[in-house]
Amino acid sequence: GATSTNPLFSVDSSINFPLNLPIGQSVPLTATFTPVAAGAQSSAFSVVLQSGQLQSSTALQGTGVLKVFQVSQAPAFYDFGSVVVGTPVETSLTVTNTGDDTVTLTGFTFTGATPSSFKLGTFTFPFILAKAASAIIPIRFFERGVGLKQAVFTVILDQGAAQNVTVVQGTSIG
């Protein structure tokens, strides 16, 4: 049979052992590396004869890398401008999956000077975002008091907080 000294390396299970192989013939064997953490791994891949003798051994190496869960938000800054007090205004932000795997948007936060002046429009969390896909997220500005209002909007991923934020602001006028 064929074996590996490291369980992270497996041998193609479609080959049935014992295998009768005529002289001069060959059969391709495939080894698969399935890392569970970042870092280098190695193994010896061996073919053993029916008699139990080691026929050949090949060194295998692989490096596990971490998946990158990352999104970008655009625009980075949005100004609602001057808005009459009590008049709701809405815009849309675009969140794009720029990582190398699917991410799940699980929620959001508004932080900063006056986060209560801003609300999420109609959008349902959790939201699954495929690699390179985008989501349009509506943001509302609605204020009952006059003056400049500012907040920082951040999308939360199931892998942790997003790396990018959007600063939103608006000025309520009487």
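The following refers to the structure shown.

### Observations regarding the overall build of the chain
1) Next: Scanning the chain from N- to C-terminus turns up zero helices and 15 strands.
2) Next: The C-alpha radius of gyration of the chain comes to 28 Å, more than 25% above the 16 Å expected for a compact globule of 174 residues.
3) Next: Taking the principal axes of the C-alpha coordinates as reference, the chain spans close to 95 × 25 × 20 Å.
4) Next: By residue count, 30% of the 174 residues in the chain fall in the buried class.
5) Next: Taking the intrachain contacts of the chain between residues at least 6 apart in sequence as the baseline, contacts between residues at least 24 apart amount to 66%.
6) Next: For the chain, the exposed area adds up to about 10100 Å²; of that, 56% sits on carbon and sulfur atoms.
7) Next: Each charge class in the chain was averaged separately, 6 positive and 7 negative side chains, and the resulting centres sit 12 Å apart.

### Structural notes on the packing of aromatic side chains
1) Next: Using the criterion set out here, one finds 12 aromatic pairs in the structure.
2) Next: One aromatic cluster is present, built from ring pairs that chain together Tyr78, Phe80, Phe108, Phe110, Phe118, Phe123, Phe125, Phe127, Phe141 and Phe153.

### Examining the sheet that holds strand 10 (residues 118-120)
1) Next: Spatial ordering of the open sheet is given by 6-8-12-10, a layout of four strands whose pairing is antiparallel. Looking at which strands have only one partner, the edges of the open sheet turn out to be strand 6 (71-74) and strand 10. Here the strands of the sheet are splayed against their neighbours by 30 degrees on average, with no regard to which way each runs.

### Let's talk about the nonpolar core
The nonpolar side chains of soluble globular proteins are, as a tendency, buried together.
1) Next: Counting 22 residues, the largest nonpolar core has Leu105, Ile137 and Ile139 as its most contacted members.
2) Next: At the level of secondary structure, the elements contributing two or more residues to this core comprise strand 7 (77-84), strand 8 (89-97), strand 9 (103-111), strand 10, strand 12 (134-141) and strand 13 (147-157).
3) Next: The contact partners of Ile139, leaving out residues within four places of it in the chain, are Phe80, Val89, Glu90, Thr91, Leu93, Phe110, Lys119, Leu120, Gly121 and Phe153.
4) Next: Counting residues in each nonpolar core, the second largest holds six residues, with Ala2, Leu8, Val11 and Leu60 among its members.

### Here we look at the layout of surface pockets
1) Next: For the largest pocket, the calculated volume is near 360 Å³.
2) Next: Together, 15 residues line the largest pocket, and Leu19, Leu21, Val47, Val48 and Leu49 are the ones closest to its centre.
3) Next: Across the lining of the largest pocket, the residue classes break down as nine nonpolar, six polar and no charged.

Reading the values: the criteria
- Here the residue numbers are simple positions, counted from 1 along each chain's written sequence.
- Only residues with pLDDT of at least 70 are given local features in this predicted model, and only at 80 or more are side-chain atom pairs given and counted; all residues enter the totals for whole chains, interfaces and linings.
- Neither water nor hydrogens contribute to the side-chain values; these are computed over all heavy atoms in the structure.
- Put simply, DSSP H or I for four residues or longer makes a helix, DSSP E for two residues or longer makes a strand, and each gets a number counted from the N terminus.
- With C-alpha atoms as the basis for the radius of gyration, the globule rule is written as 2.2 Å multiplied by the number of residues raised to the power 0.38.
- Partly exposed describes any residue whose relative accessible area lies between the buried limit of under 20% and the exposed limit of over 50%, with all areas from a 1.4 Å probe on protein chains only and scaled to the type maximum.
- A contact between two residues is defined here by any heavy atoms of the two lying within 4.5 Å.
- Surface exposure here means Shrake-Rupley accessible area, sampled with a 1.4 Å probe, where a residue is shielded only by the protein chains that are shown.
- Positive: Lys, Arg. Negative: Asp, Glu. His and the chain ends are not part of the count.
- A charge is said to be at NZ when it belongs to Lys, at CZ for Arg, at CG for Asp and at CD for Glu.
- Pairing of aromatic side chains requires ring centres within 6.5 Å, counting the rings of Phe and Tyr and the six-membered ring of Trp. Pairs whose planes differ by under 30 degrees are stacked, by over 60 edge-to-face, and all others tilted.
- Here a strand pair is declared whenever DSSP counts at least two bridges between the two strands.
- Angles shown run from 0 to 180 degrees and are taken between the N-to-C directions of axes, each axis being a line fitted to C-alpha atoms and, for helices, limited to the stretch in contact.
- Think of a nonpolar core as a cluster: buried Ala, Val, Leu, Ile, Met, Phe, Trp, Tyr and Cys residues, connected wherever their side-chain atoms sit within 4.5 Å.
- Put simply, the grid is 1 Å and covers the protein atoms alone, a cavity is a trapped set of points that fit a 1.4 Å probe, a pocket is an open set with protein on both sides within 12 Å along at least five of seven lines, and lining residues have an atom within 4 Å of a point.
- Grid points are joined across faces, edges and corners, and a volume is the space filled by probe spheres set on the points.
- Residues were grouped as follows: Ala, Val, Leu, Ile, Met, Phe, Trp, Tyr, Cys and Pro as nonpolar; Asp, Glu, Lys and Arg as charged; and all remaining residues, including Gly, as polar.

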